[in-house]
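Inside the fold
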Amino acid sequence: MWSFVREFLVASLVAWSAVAELSFVAEGSQRGKRVDIKELDFQAIPPRRHWKEGSRSRSHPHVKDTSKRADISYSGNWCGASQHSTSADQIVNAFSYFTAPDLQLRPGIPGAQFAAAWVGIDGAACKSALLQAGVTTVVNTNGGQSASAWWQWYPEASYSIKGLPVKPGEWMSVNITAASATSGKVIITNAQQGYSVSITVSNGPKLCRVDAEWIVEDFYDAKGQVAFASFSDVWFVDAAATTIKNKNIGIDGAAMVHLQNENGTVVCEAEAYDNSNFVLTSK
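Let us look at the structure shown here. Because the structure is a prediction, the values reported are computed rather than measured.

The rules we used
Residues numbered from 1 in each chain as written. Predicted model: local features only at pLDDT ≥ 70, side-chain atom pairs only at ≥ 80, totals over all residues. Heavy atoms only, no water. Helix = DSSP H or I, 4+ residues; strand = E, 2+ residues; numbered from the N terminus. Buried < 20%, exposed > 50% of the residue type's maximum accessible area, 1.4 Å probe, protein only. Contact = heavy atoms within 4.5 Å. Areas by Shrake-Rupley, 256 points an atom, 1.4 Å probe, with all protein chains shown as cover. Pairing = 2+ DSSP bridges. Core = buried A, V, L, I, M, F, W, Y, C linked by side-chain atoms within 4.5 Å.

Observations concerning the overall build of the protein chain
If you tally the helices and strands in the protein chain, you get zero helices and 24 strands. Per-residue burial for the protein chain yields a buried fraction of 55% across its 283 residues. Taking the contacts inside the protein chain whose residues are at least 6 apart along the sequence as the reference set, 70% of them involve residues at least 24 apart. About 12100 Å² of surface is accessible on the protein chain, with carbon and sulfur atoms providing 51% of the total.

Following this line, the structure appears as structure tokens:
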């Protein structure tokens, strides 16, 4: 029911980024067919901190878990898998299917609660920029939920995509290609509803292209870190990255990141099943 091709020029605010101007061209489709509309509703949201934070507890060091073929690390905002390459063989693509977070309220926490699931390039070892896209779900105090798709080239603003429908628990996919350190393409698809948005971006903040991530995040808004909801298991399936030398890398050797709350309690665990599939479990 919708499709569009339109170029957006985004004037960067000095407080947000040193990049003079970021631009993007987007197209949308439903079940492979373009249907033009006047405008798809991209809504800019001021950027928030997305870098991976370290452990909040000395009792959880970074250790090797040989039984699960991955490192285990702990973070104050990320839960998932973080893979690393080198500047000599940079990451040019990251992909995965995943389930949009389906949330439940954690008892004793007032107000709305949140979780965001996304795929991205950089943001772990490299903190100069992060190209990412995914879905954020909010659960209100009455238990009602809503979800929205978005993309961001941090530290620029993020953009919610109102014209891309998504419901909690639906299967999504994100495919990110970084053609260069400052240009790339993001494809976000609702696999169950048949909607897809393709966004080609130029003049983005310079990427290192050494990290690939598949993450559920307890993110920050203008007031600080949001309340992190409980959730049904979030699966990442066919998670993979490709380097500039055409090397395919998956979860093997990645850091499986567990999320800790402000008290150091683990509230999300990541478990790898093989080189491309893993599950995140709420605690």
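A look at the pairing of strand 10 (residues 130–139)
Successive side chains on a regular strand alternate, one facing one side of the sheet and the next facing the other. Within strand 10, ten of the ten residues are buried, which leaves it mostly tucked inside the rest of the structure. The two faces of strand 10 match: Leu130, Gln132, Gly134, Thr136 and Val138 on one face and Leu131, Ala133, Val135, Thr137 and Val139 on the other face are all buried. Sheet topology places strand 9 (residues 113–121) next to strand 10; nine bridges connect them, and they run antiparallel. Bridge pairing links glutamine 113 to valine 139 in strand 10. Strand direction decides the pairing type here: strand 10 and strand 11 (residues 145–154), joined by ten bridges, are antiparallel. The residue of strand 11 that forms the bridge with threonine 137 is alanine 147. Where strand 10 hands over to strand 11, the hairpin turn is made up of five residues, of which glycine 143 adopts a positive phi near 90°.

Overview of the nonpolar core
Membership of the largest hydrophobic core comes to 62 residues, with the highest contact counts inside it found for Phe42, Trp151, Ile199, Trp214, Phe236, Phe278 and Leu280. Core analysis: the second largest hydrophobic core is formed by twelve residues, Ala116, Trp118, Leu130 and Ala255 among them.

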